[in-house]
Structure formats: structure tokens, C-alpha cells
Amino acid sequence: MRVGFIGIGLMGLPLCQRLLNAGISLQVWNRSAGKVDALIAAGAIPADSPAAMATHVDVLLLCVSDSAAVADVMHAEHGILAGAHAGLIVVDHSSITAELTRQLAAELHKQCGATWVDAPVSGGTAGAAAGTLTFMVGGTAANVAAAQPLFTCMGKNVFHAGDSGAGQTAKACNNMLLGILMAGT
């Protein structure tokens, strides 16, 4: 399986390190190019752009800051949509709106037959480093099964919540419950 990862931030870096440690051949790209240097030194392959990465991988993992960043990485001149192909599975670990998730999934599928899995995480940077994250996943059962080996490298629990957008909805509910518990405490 050819894997790419976009978004080498506080969560993305340890997730990529876990994938590399598991022997996964990994392409990496980040908007701030210097953030990929440590991963390249560890064996990752740099990509010139999200489009170039999308052209050459089977699964493209995405972990960026917010809805605007996901939309930008998808729609930019050299974004994912410019290189996406039939059979590509985009797995988004970012926490974004369910509405945008469903919109991007439909757009990706309509353009080239590629598919989308929303898989936001819970467990923070410590969980990412330790491989104990929980994934709340939305997408088809077949696509979730295809991404399962990657989830297993990066985390401990995978909850398939339903179709596209269901993972983001589950994450929003999780965050709301945590907020209520913290306020109550």
C-alpha cells in the first residue's frame, strides 16, 4: 500500500513516525516545508505538492488545523483534487464540520471516483506518540476496512460511526461531552 501524509504538526509528526516505525513506505508534505525534514531523515519520501502525492499513493492521510485548511489543501491549484485518481482513499484526521466532510467526499467521488473517510481522533499528542488514539470514523465499510491497517499502526480503538460525516459528528459529540465534564468538574 502506497501511503501519503499531509499535515506534519503536533499530531501529524508522531502519527507519521508510527507509520514509518511500522515499515510503511510514506510520502509526506506540509505547507511549512521544514516540518518534514525529520521524517525525511527517518526514511519518508518528500512530495512536491498535494497533487503530486495524490497521483502516486493509494491512501492519503490528512491532518491539518481546521475546515479552511482542509478545503485549501483540496482545492488549491496543486491540491489533492488536481491529482486524485479512481481508487484513491483520502482519510481525514482533521476535526472539521460534518457538512464540509460530506461536501468534499461528494466532490472527490464525482470528479474521479476517489473516496473519503473522515477519521478524527481523540487522545491528544501523548496518544499519538503512544499509539493509543481512538478514531471515530465515517465512510463505507470497505474503505474503513482498507484503512484499518493504518489505524492499527497509529491507534488503539476504531469506531465506525456510519457514512461520510458520521466520524466528524461523533467527534463533535465527544468534544461536547468532554467540555461538559470539564465544566462540571
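Structural data are supplied above this passage.
Worth saying up front: this structure is predicted, and the values here are computed from it rather than measured.

Engineer: Would you explain the pattern of salt bridges in this entry?
Structural biologist: For side chains of opposite charge, pairing can occur when their charged atoms come near one another. If you walk through the whole model with that rule in mind, you get 1 salt bridge. Here R2 and D58 are joined by a salt bridge, their closest N and O atoms 2.9 Å apart. With R2 in the segment before β1 (3–6) and D58 in the loop between α3 (50–56) and β4 (59–62), the pair connects residues that are 56 residues apart, well separated along the chain. On the basis of relative accessibility, which here comes to 42%, the residue R2 falls in the partly exposed class.

Engineer: For this particular structure, what's the right way to read the pairing of strand β5 (residues 89–92)?
Structural biologist: For a regular strand, side chains alternate in direction, first toward one face of the sheet and then toward the other. Of the two faces of β5, the one holding I89 and V91 and the one holding V90 and D92 are both buried throughout. Sheet analysis places β4 next to β5, joined by 4 bridges and oriented parallel. Note on β5: the bridge partner recorded for L60 is V90. Bridging between β5 and strand β6 (residues 115–118) involves 4 bridges; their strand directions are parallel.

Engineer: Sorry, what's going on with the environment of T185 here?
Structural biologist: Within the fold, T185 resides in the segment after α9 (166–184). The exposure class assigned to T185 is exposed, which follows from its relative accessible area of 88%. Put simply, T185 and V57 are 128 residues apart on the chain and 45 Å apart in space, counted from C-alpha to C-alpha.

Engineer: Honestly, the packing of aromatic side chains in this entry has me stumped. Any pointers?
Structural biologist: The geometry of two aromatic rings is summed up by the distance between their centres and the angle between their planes. Taken as a whole, this structure holds 1 aromatic pair when the rule is applied. On the basis of an interplanar angle of 35° and a centroid distance of 4.9 Å, the ring pair of F135 and F151 is categorised as tilted. With F135 in strand β8 (residues 133–138) and F151 in helix α8 (residues 141–154), the pair connects residues that are 16 residues apart, well separated along the chain. No difference in accessibility class separates F135 from F151, as the two residues are buried.

Rules of the game
Residues numbered from 1 in each chain as written. Predicted model: local features only at pLDDT ≥ 70, side-chain atom pairs only at ≥ 80, totals over all residues. Heavy atoms only, no water. Salt bridge = Lys/Arg side-chain N within 4 Å of Asp/Glu carboxyl O. Helix = DSSP H or I, 4+ residues; strand = E, 2+ residues; numbered from the N terminus. Buried < 20%, exposed > 50% of the residue type's maximum accessible area, 1.4 Å probe, protein only. Pairing = 2+ DSSP bridges. Phe/Tyr/Trp six-rings, centres within 6.5 Å; stacked < 30°, edge-to-face > 60°.

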